[in-house]
Amino acid sequence: MTTASQVLAGIAVLASACIYGADLFAGLVLRAALSHLDDHTLTTTMGYIHRYGDRRLPAPFLIGLAATILTTATAALDGRTTAAVAGGIAVTAFVVWIGLFFRVSAPINRELIAAALAGETPANVRALQQRWDRIIPIRFGLQTIALAALCTTLALA
């Protein structure tokens with residue numbers, strides 16, 4: 001079962017790295033760049049970014065989560081306790097991440113998408129973006145924990 005664990009862990013790392021990279025880019029580049037845009041351009045830009053991101057990024061997230069769960073299960077079945085614990089840490093980080101996404105990020109995304117599609121600029125667009133920006137370091141941190149735990153699981157496989 002070790003080969004299966006290694007393959008699953010590799011898939012989990014690669015799929016999860018997509019979300020990690022998106023959150024890293026948002027935190028390091030996007031936040032700073034968006035501060036220079038006028039409100040209408042901010043609304044349109046982020047509305048369309050979220051429109052496509054919210055449609056396309058669930059696939060790698062769900063693949064990564066499923067592969068992480070399967071990696072953790074195979075490690076536990078193989079009696080590799082440390083690898084299973086590391087996998088459990090990754091699963092926990094992903095579950096907290098998705099909870100924060102649906103509670104904080106997704107409602108903001110929907111509001112910006114609707115405004116962009118309607119050609120409108122919400123009066124509170126800066127406040128919306130600031131709320132979205134505040135959670136990015138937490139999301140990035142959770143992705144970092146998850147990927148580090150997955151790499152640990154892979155190293156122990």
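All values reported here derive from a predicted model rather than from experimental measurement. (Residues numbered from 1 in each chain as written. Predicted model: local features only at pLDDT ≥ 70, side-chain atom pairs only at ≥ 80, totals over all residues. Heavy atoms only, no water.)

## What to know about the overall build of the protein
- Assigned secondary structure in the protein consists of five helices and zero strands.
- If you list the helices and strands of the protein from N to C, you get α-α-α-α-α.
- By its C-alpha atoms, the protein is 55 × 20 × 20 Å across when sized along the principal axes.
- Within the protein, buried positions represent 40% of all 157 residues.
- For the protein, the accessible area works out to roughly 7,800 Å², and carbon and sulfur atoms hold 69% of it.
- Between the mean site of the 11 positive side-chain charges and the mean site of the 8 negative ones, the protein shows a separation of 4 Å. (Helix = DSSP H or I, 4+ residues; strand = E, 2+ residues; numbered from the N terminus. Buried < 20%, exposed > 50% of the residue type's maximum accessible area, 1.4 Å probe, protein only. Areas by Shrake-Rupley, 256 points an atom, 1.4 Å probe, with all protein chains shown as cover. Lys, Arg positive; Asp, Glu negative; His and termini not counted. Charge placed at Lys NZ, Arg CZ, Asp CG, Glu CD.)

## Examining the packing of helix 2 (residues 39–56) against helix 4 (residues 81–118)
- At a closest axis distance of 7 Å, the pairing of helix 2 and helix 4 adopts a crossing angle of 120°. Relative to helix 4, helix 2 is oriented oblique. Note that helix 2 runs across helix 4; the crossing there is left-handed. Every residue of helix 4 that contacts helix 2 at Thr-43, Thr-44, Met-46, Gly-47, Tyr-48, His-50, Arg-51 and Asp-54 is listed here: Phe-101, Asn-109, Leu-112, Ile-113, Ala-115, Ala-116 and Leu-117.
- Taken together, the residues that form the contact of helix 2 with helix 4 break down as eight nonpolar, five polar and two charged. (Axes fitted to C-alpha atoms, helices over the stretch in contact; angles between N-to-C directions. Parallel < 35°, antiparallel > 145°, perpendicular 65-115°, else oblique. Left-handed = near helix turned anticlockwise from the far one by under 90°. Contact = heavy atoms within 4.5 Å. Nonpolar A, V, L, I, M, F, W, Y, C, P; charged D, E, K, R; others polar.)

## Observations concerning the packing of helix 1 (residues 2–34) against helix 3 (residues 58–77)
- Where helix 1 contacts helix 3, the two axes come as close as 8 Å, and the packing angle between them is 150°. Between helix 1 and helix 3, the interaxial angle falls into the category roughly antiparallel. When you trace helix 1 past helix 3, the crossing you get is left-handed. Counted together, Ser-5, Leu-8, Ala-9, Ile-11, Ala-12, Ala-15, Ser-16, Cys-18 and Ile-19 of helix 1 and Pro-60, Phe-61, Ile-63, Gly-64, Ala-67, Thr-68, Leu-70, Thr-71, Thr-74 and Ala-75 of helix 3 form the full contact between these two elements.
- Of the residues belonging to the contact of helix 1 with helix 3, the class tally is 13 nonpolar, six polar and no charged.

## Considering helix 5 (residues 125–156)
- The first and last C-alpha atoms of helix 5 sit 46 Å apart over 32 residues, in line with the 46 Å expected at 1.5 Å per residue.
- Along helix 5, the sharpest kink reaches roughly 30°, centred on Ile-136 and followed within four residues by the proline Pro-137. (Expected span 1.5 Å × (residues − 1). Bend = angle between axes of the 7 residues up to and from the residue.)

## A few points about the nonpolar core
- If you look at the biggest cluster of nonpolar residues, it comprises 17 residues, and the most contacted ones within it are Phe-61, Ala-90, Phe-94, Trp-97, Ala-146 and Leu-150.
- Every element with two or more residues in this core is listed here: helix 1, helix 3, helix 4 and helix 5.
- Per-element tally for this core: the top contributor is helix 4, with six residues.
- Leave out the neighbours within four places in its chain, and Trp-97 touches Ile-19, Asp-23, Phe-61, Arg-139, Leu-142 and Gln-143.
- Grouped together as the second largest cluster of nonpolar side chains are 11 residues, Ala-26, Leu-34, Leu-42 and Trp-132 included. (Core = buried A, V, L, I, M, F, W, Y, C linked by side-chain atoms within 4.5 Å.)

## Some thoughts on the confidence of the model for the protein
- Taken residue by residue, the protein gives an average pLDDT of 96. The fraction at 70 or more is 99%.
- Within the protein, helix 1 has the poorest average pLDDT of any element, 94, and helix 2 the best, 98. (pLDDT = per-residue confidence, 0-100.)

## Considering the pattern of salt bridges
- By the definition in use, this model includes three salt bridges.
- Ionic pairing is found between Arg-126 and Asp-39, a salt bridge with its closest N-O pair at 2.8 Å. Residue Arg-126 is found in helix 5, and its partner Asp-39 is found in helix 2; the two are separated by 87 residues along the sequence.
- Asp-78 is the salt-bridge partner of Arg-80, the closest N and O atoms lying 3.4 Å from each other.
- Of the residues examined, Arg-80 reaches a relative accessible area of 16% and is grouped as buried. (Salt bridge = Lys/Arg side-chain N within 4 Å of Asp/Glu carboxyl O.)

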